[in-house]
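# Structure at a glance
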Amino acid sequence: MAHKVKLNESNSTRVSAEDLHRQLSMIFQAVETPENHADIAAKVLVSASVRGVDTHGVSQVIGYSEAIESGFFTVPQETTVITESETTALLSAGNGIGLVSAYEGMEIAIRKAQEYGLGMVSIRDGHHVGMVAYYAMMALEHDMIGMSMTCLLYTSDAADD
């Protein structure tokens, strides 16, 4: 249905990316997300919408907020290093907002790559990370090539039978 909506200047309102970021950050903070994490989450969601990836953009703030309020996501979260080497790390997202743990994971990968020429980070115990390309693009600011991917693992109680 959304593809049938024809937006133009007479039936839409333009909002700057900065204003949108500020509003989303305030929404995340209203559900007890720490300010630095709220800013990261808002940055990733706005970036997706600015690039036209609305399925992973600002429209998702409602779902994230509800997941936080219901306790489905652990907030505030702590992304912790489980194990690491000079070039790799395995992190736990602490059942928190995937947007935040993926961002923090890429920061670690970039630091490792700056020092050792390669940085690879895997994350577990997390949730949806939004537009995956965002994290790969973080490397561009450091004149690096970034790659990011996700894998969803489902378990079933039927497997235990």
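Everything below is about the structure printed above this text.
Right, let's walk through the structure included here. Treat the numbers as computed from the prediction; the structure is a model and nothing was measured.

Before going further, it helps to spend a moment on the overall build of the protein chain. Of the regular secondary structure elements, the protein chain holds five helices and three strands. Helices and strands appear in the protein chain in the N-to-C order α-α-α-β-β-α-β-α. Along the first, second and third principal axes, the C-alpha set of the protein chain runs to 55 × 50 × 30 Å. Within the protein chain, the fraction of its 161 residues that count as buried is 34%. When contacts within the protein chain are restricted to residue pairs at least 6 apart in sequence, those whose partners lie at least 24 apart make up 58%. In the structure as shown, the protein chain presents an accessible area of about 10,300 Å², 54% of it carried by carbon and sulfur atoms.

Looking at chain direction, strand β2 (residues 88-92) and strand β3 (residues 120-124) are connected through five bridges and run parallel. Looking across to β3, one finds that Ala89 is bridged to Val121. Crossover β2 to β3 through helix α4 (residues 98-116) is right-handed.

Procedures and definitions
Numbers given to residues run from 1 along each chain, matching the order in which its sequence is written. In view of the model being predicted, local features appear only for residues whose pLDDT reaches at least 70, and side-chain atom pairs are presented and counted only at 80 or more, with totals across whole chains, interfaces and linings using the full set of residues. Water and hydrogen atoms play no part in the side-chain values, which are based on all heavy atoms of the structure. Put simply, DSSP marks the helices as runs of H or I at least four residues long and the strands as runs of E at least two long, and each gets a number from the N terminus on. Only protein chains enter the accessibility calculation, which uses a 1.4 Å probe; a residue is then buried when its area is under 20% of its type maximum, exposed when over 50%, and partly exposed in between. Here a residue-residue contact requires only that any non-hydrogen atoms of the pair lie within 4.5 Å. What sets the accessible areas is the Shrake-Rupley method with a 1.4 Å probe; for residues, cover comes only from the shown protein chains. Pairing between two strands is assigned when DSSP locates at least 2 bridges connecting them. The handedness rule is simple: strands pointing away from the viewer, and a clockwise path from the first strand over the helix to the second, make the crossover right-handed.

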